[in-house]
Amino acid sequence: MKWSAEMVRRLAVGLVLLGSLGMMASMLICFADVVGTNFFDWPVPGALEITESTMVLIVFGALAFTQEKRGHIRVEILHGCMSARLKSLADLITHFLALVFFALLAWYSFSELSYSWEIREATMGTIRFPLYPARTLLTAGAVLLVLQLALDVIGDFGRTWRGEPPREHAPAPEDTAKVS
């Protein structure tokens, strides 16, 4: 179990880093497009298509990492009033429902990815930008989130069974720094 959790964590970190590179590339291309359009009357060809594809990487690349860190938004009004066992049960139900949803999304995205690769799907913009790499990253991010959610459901089930409180959110970096 620990080996698989570590492997999923490493893959999630890799996708987050790839998403960070995509975000930087998208920002540079958008900046060049704005400067080129407003000052030189020469926009960057395909800026919209590239930005759209990097958005998929940025969003789906971070889902599993955020889940592993317990960084997704949660309504704390009722959760704070529950016993340790009920908190773990609430997390179990929530993670199970998310697992079902994202498993369906991953399954559907895989069939769309297969078709996109088969026809070599591309945009119809100023340049033909391929869409199947973005679909590949969407599918990879969804599958990685499904794996992380499966690990979370297993852990939540054990904590619920034993009556233990749920695993806490990872502290923010500024919370762990010592004040001198």
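Provided above is the structure to which this section pertains.
A. Focus on the overall build of the protein chain. Summing up its helical and strand segments, the protein chain has six helices and zero strands in all. For the protein chain, the N- to C-terminal ordering of α and β elements is α-α-α-α-α-α. Its C-alpha atoms give the protein chain a radius of gyration of 20 Å, clearly above 16 Å, the size a compact globule of 180 residues would have. Structurally, the protein chain occupies a C-alpha span of about 65 × 50 × 30 Å along its principal axes. Across the 180 residues in the protein chain, those meeting the buried criterion constitute 31%. In the protein chain, of all internal contacts separated by at least 6 residues, the share reaching a separation of at least 24 is 75%.

B. View of helix α1 (residues 2–39). Taking 1.5 Å as the rise per residue, α1 with 38 residues should run 56 Å; its terminal C-alpha atoms sit 55 Å apart, in good agreement. For α1, the secondary structure elements touched by its buried residues are α2 (47–68) and α5 (132–162). At the exit of α1 stands D41, carrying a positive phi of roughly 55°.

C. Quick peek at the packing of helix α4 (residues 84–119) against α5. Their axes nearest at 7 Å, the elements α4 and α5 cross at an angle of 160°. What the angle tells us is that α4 and α5 run roughly antiparallel. For the pair α4 and α5, the sense of crossing is left-handed. When grouped by side-chain class, the residues that make up the contact of α4 with α5 number 23 nonpolar, seven polar and eight charged.

D. Structural view of the side chain of S26. With respect to the element layout, S26 can be found in helix α1. By relative accessible area, S26 is classed as buried at 5%. Not counting residues within four places of it along the chain, the set of residues in contact with S26 comprises T51 and T54.

E. Quick look at the nonpolar core. Counting 18 residues, the largest nonpolar core has F102, L144 and L145 as its most contacted members. When residues of this core are traced back to their parent elements, those giving at least two are α1, α2, α4 and α5. The element that contributes the greatest number of residues to this core is α5, accounting for seven residues. Not counting residues up to four positions away in its chain, the partners in contact with L145 are L63, A64, Q67 and F102.

F. Local environment of α5. The terminal C-alpha atoms of α5 lie 45 Å apart, and with 31 residues this matches the ideal 45 Å at 1.5 Å per residue to within 8%. In the segment just after α5, G163 is the residue with positive phi, at about 80°.

Analysis parameters
Residues numbered from 1 in each chain as written. Predicted model: local features only at pLDDT ≥ 70, side-chain atom pairs only at ≥ 80, totals over all residues. Heavy atoms only, no water. Helix = DSSP H or I, 4+ residues; strand = E, 2+ residues; numbered from the N terminus. Rg over C-alpha atoms; globule rule 2.2 N^0.38 Å. Buried < 20%, exposed > 50% of the residue type's maximum accessible area, 1.4 Å probe, protein only. Contact = heavy atoms within 4.5 Å. Expected span 1.5 Å × (residues − 1). Axes fitted to C-alpha atoms, helices over the stretch in contact; angles between N-to-C directions. Parallel < 35°, antiparallel > 145°, perpendicular 65-115°, else oblique. Left-handed = near helix turned anticlockwise from the far one by under 90°. Nonpolar A, V, L, I, M, F, W, Y, C, P; charged D, E, K, R; others polar. Core = buried A, V, L, I, M, F, W, Y, C linked by side-chain atoms within 4.5 Å.

Taken by themselves, the reported measurements are silent on function.
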